Structures are given as C-alpha cells and as structure tokens.
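Below are the chains, spelled out letter by letter.
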Amino acid sequence: MPVLYNLIEIVGDSPVPITAQVWKKNFNPGERKSGQTAFLIFNIRGITHTSVSVKVNNKLIRQIAPDPSSNASYWYTQKIALDASLLRNGNNEVQIKAIGNPAEQFWVKNMVCFFHQFD
C-alpha cells in the first residue's frame, strides 16, 4: 500500500526577518494522519551566537542551533521532525522566538511542513 505525503508551504522564497519577540505564522495542512512523523524544513540565516526555540501550536519541538560557520550571511537548512499528533486538522501555528537583541536579527525562508495524509 502506498504511503501518501503532502506538504504545505508556510513561508516562500522571500526571506522573512524575525524581529518581533515571537514570530508566528498560521498554516492549514487540512487532514493529516496522526501517529506518524511530520517535518518542518526551512532555510535560516543570521543565528550566530545563541539558540532559538521553534514551537508548533505552543509546544516546543526543537532549539535551532547557531550557524556552525558563525557567518551571519550564510543560509543553512534546518530539518525538524515532530510527531504529527501535534498538528491539528485545520489551523496550526508555527512560532519562532526572536533572539531578543535587535542587532542579532535573523531570517527564515522556504519553510514547508511535510506530513502523512489519509489514503
């Protein structure tokens, strides 16, 4: 039996600056199969000295580590696995906590959520 995956774009190719205390973005994957693994995959730039938290529906799923090169101008990819039961059928919210120091603004782009859908 084939496994069906789907994805939803949360942020496109235009970089979004993370400057507010907590950046929030809603997304709606429709119906997803719970009890499976989902993934958030995105590009990030500008985190050089501290980790920041990523939440889905107010539940912490991971800390994003600083860029290993410590170069604020390089984009690097983050892949975060999460239990699909954290996703709701319908409206969901991803949250990324800002660093808190305006001099350490960072950016996110190309964020997608992959998930199992019902077959």
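Since this is a predicted model, take the numbers as computed values, not measurements.

So, how was this worked out
- Residues numbered from 1 in each chain as written.
- Predicted model: local features only at pLDDT ≥ 70, side-chain atom pairs only at ≥ 80, totals over all residues.
- Heavy atoms only, no water.
- Helix = DSSP H or I, 4+ residues; strand = E, 2+ residues; numbered from the N terminus.
- Rg over C-alpha atoms; globule rule 2.2 N^0.38 Å.
- Buried < 20%, exposed > 50% of the residue type's maximum accessible area, 1.4 Å probe, protein only.
- Contact = heavy atoms within 4.5 Å.
- Areas by Shrake-Rupley, 256 points an atom, 1.4 Å probe, with all protein chains shown as cover.
- Lys, Arg positive; Asp, Glu negative; His and termini not counted.
- Charge placed at Lys NZ, Arg CZ, Asp CG, Glu CD.
- Pairing = 2+ DSSP bridges.
- Axes fitted to C-alpha atoms, helices over the stretch in contact; angles between N-to-C directions.
- Core = buried A, V, L, I, M, F, W, Y, C linked by side-chain atoms within 4.5 Å.
- Phe/Tyr/Trp six-rings, centres within 6.5 Å; stacked < 30°, edge-to-face > 60°.
- Lys NZ or Arg CZ within 6 Å of the ring centre and 35° of its normal.

Describe in detail the overall build of the protein, supporting the description with residues and values.
Each helix and strand counted, the protein has zero helices and nine strands in total. A compact globule built from 119 residues should have a C-alpha radius of gyration of about 14 Å, and the protein, at 15 Å, falls within 12% of that. Referenced to the eigenvectors of the C-alpha coordinate spread, the extents of the protein come out at roughly 50 × 25 × 25 Å. Residue burial in the protein is summarised as follows: out of 119 residues, 38% are buried. For the protein, long-range pairs separated by at least 24 residues make up 80% of all intrachain contacts whose partners lie at least 6 apart in sequence. Counting every atom, the protein has about 6500 Å² of accessible surface; 48% of that belongs to carbon and sulfur. A gap of 5 Å separates the mean positions of the 12 positive and 8 negative side-chain charges of the protein.

Give a detailed account of the sheet that holds strand S3 (residues 22–27), specifying residues and quantitative values.
What the four strands build is an open sheet, ordered S3-S8-S5-S6; its pairing is antiparallel. In this open sheet, the two strands that pair with only one neighbour each are S3 and strand S6 (59–64). On average, adjacent strands in this sheet sit at an angle of 20 degrees to one another, irrespective of strand direction. Across five bridges, the pairing between strand S5 (residues 52–56) and S6 is antiparallel. Bridge pairing in S6 links Ser53 to Gln63.

If you had to explain the pairing of strand S4 (residues 37–45) to someone new, which residues and values would you point to?
Relative to strand S7 (residues 75–83), S4 runs antiparallel, the two sharing nine bridges. Looking across to S7, one finds that Asn43 is bridged to Thr77.

Residue-level account of unusual backbone geometry, with values.
Backbone geometry at Asn58 places phi at a positive 70 degrees, although glycine is not the residue there. Within the secondary structure, Asn58 sits in the loop between S5 and S6. Phi angles above zero are rare outside glycine, and Asn110 is one such case at about 55 degrees. Here Asn110 shows up in strand S9 (residues 106–116).

Please set out the nonpolar core residue by residue, giving values where relevant.
Among the nonpolar cores identified, the biggest contains 29 residues, and Leu40, Phe42, Val54, Val94 and Met111 are the most heavily contacted of them. Within the residue set of this core, elements represented by two or more residues are strand S1 (5–11), S3, S4, S5, S6, S7, strand S8 (92–97) and S9. In contact with Val54, other than residues within four places in its own chain, are Leu40, Phe42, Lys59, Leu60, Ile61, Arg62, Ile64, Ile80, Val94, Gln95 and Ile96.

Any chance you could break down the environment of Phe115 for me, citing the residues and the numbers?
Position of Phe115 relative to the elements: it lies in strand S9. Counting along the chain gives 110 residues from Phe115 to Tyr5, while the straight-line C-alpha distance between them is 5.6 Å. If near-sequence neighbours (up to four positions away) are discounted, Phe115 is found in contact with Leu4, Tyr5, Asn6, Leu7, Ile8, Pro29, Glu31, Arg32, Ala38 and Leu87.

How would you explain the packing of aromatic side chains if you had to name every residue and give the values?
If you walk through the whole model with that rule in mind, you get zero aromatic pairs. The ring centre of Trp107 lies 4.5 Å from the NZ or CZ of Arg45, which sits over that ring. A cation over an aromatic ring shows up here: Lys109 above the ring of Trp75, its NZ or CZ 4.5 Å from the ring centre.

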